[in-house]
Amino acid sequence: MNNFFATVASLAFITGSSAAFAGDFDNNTIGLQMFSGSMDYSIDADKNGLTELEIGYTAFEYVIGEDIYSDVRFALSTDISQPDNVTLLGQYNVSKYITDDLLAYGTAEVGYTTVSSFSNGVWYVEPTVGAAYAFTDTVAVYGEVAYAWDMSNSFNTIGGSVEIGLPISINESFIVTPSVSKAFDTNSDDMNFRLETTLFF
């Protein structure tokens, strides 16, 4: 699998994690992601300061047939502004080349978000589908749609988001990704601009 494409897919999987719970899409955000082996770490911030921390672990990766790449990832995240809100999640991620320059990918995510205590929380499911196109070996674009349902409450809708991003590889260890997202079927339908920096160790 092309290293840059693999990276783009990984960024999309992690960036989209729990997106429907962000809820505050009218705030522009910045993010820092760090990858080291099977571990990944992310820190988000907006104009008011740090907003979210997440630690993830990719348990295993495997290839289905000759060209379908998949992995299973687990993560723990916390809302810094509301420290009682902690999310435990699991993801099954899959991607496949359509052409040499076009990659399709998807995620099935299930998570549990605490509200005021660990016993008081919400189970949710959030599928994501997207595609990435590489213009060059260092510049790509991706677009994706995510939607979440509340499994604890008769699968009521939580809402979704649409996101478009432009990963730019500065070198093998440094990627910058500006992106724009828009929520739908939520309390807020504002646009959100995000600038993410990704480092590999």
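Residues numbered from 1 in each chain as written. Predicted model: local features only at pLDDT ≥ 70, side-chain atom pairs only at ≥ 80, totals over all residues. Heavy atoms only, no water.

It is worth spelling out the overall build of the chain at this point. Each helix and strand in the chain was counted, giving one helix and twelve strands. Secondary structure elements of the chain occur, N-terminal to C-terminal, as α-β-β-β-β-β-β-β-β-β-β-β-β. Expressed as a percentage of its 201 residues, the buried residues of the chain come to 41%. Pairs at least 24 residues apart make up 45% of the contacts formed inside the chain by residues separated by at least 6 positions. Put simply, the chain shows about 10100 Å² of open surface, and 60% of that area lies on carbon and sulfur atoms. (Helix = DSSP H or I, 4+ residues; strand = E, 2+ residues; numbered from the N terminus. Buried < 20%, exposed > 50% of the residue type's maximum accessible area, 1.4 Å probe, protein only. Contact = heavy atoms within 4.5 Å. Areas by Shrake-Rupley, 256 points an atom, 1.4 Å probe, with all protein chains shown as cover.)

Bringing the packing of aromatic side chains into the picture now. Each aromatic ring pair is specified by the distance between its two centres and by the angle formed by the two planes. Counted under the stated rule, the structure contains six aromatic pairs. Taking the centre distance of 5.1 Å and the plane angle of 15° together, the rings of phenylalanine 35 and phenylalanine 200 count as stacked. Of this pair, phenylalanine 35 sits in strand E1 (residues 29–36) while phenylalanine 200 sits in strand E12 (residues 191–200), and the two are 165 residues apart along the sequence. Here phenylalanine 200 falls in the partly exposed class, since its relative accessible area comes to 24%. Considering the side-chain rings of tyrosine 112 and tryptophan 123, the 5.0 Å spacing of their centres and the 55° angle between planes classify their relative orientation as tilted. Note that tyrosine 112 is positioned in strand E6 (residues 102–117) and tryptophan 123 in strand E7 (residues 120–134), a separation of eleven residues in sequence. A residue is classified by how much of its surface remains accessible, and tyrosine 112, at 10% relative accessible area, is buried. An aromatic cluster of at least three residues, connected via ring pairs, comprises Tyr147, Trp149 and Phe184. (Phe/Tyr/Trp six-rings, centres within 6.5 Å; stacked < 30°, edge-to-face > 60°.)

This paragraph deals with the pattern of salt bridges. When their charged atoms lie close together, side chains carrying opposite charge are able to pair. Taken as a whole and assessed by the stated rule, the structure comprises five salt bridges. Between lysine 96 and aspartate 67 there is a salt bridge; the shortest N-O distance is 2.7 Å. A residue pair is termed long-range when its members are at least 10 positions apart, and lysine 96 in strand E5 (residues 86–97) and aspartate 67 in the loop between strand E3 (49–64) and strand E4 (68–79) qualify at 29 residues. Residue aspartate 67 is classed as partly exposed on the basis of its relative accessible area of 30%. Between glutamate 196 and arginine 194 there is a salt bridge; the shortest N-O distance is 2.6 Å. Overall, the relative accessible area of 11% leaves arginine 194 in the buried class. Bridged by salt links that share partners, the residues Asp40, Glu54 and Arg73 form one connected network. (Salt bridge = Lys/Arg side-chain N within 4 Å of Asp/Glu carboxyl O.)

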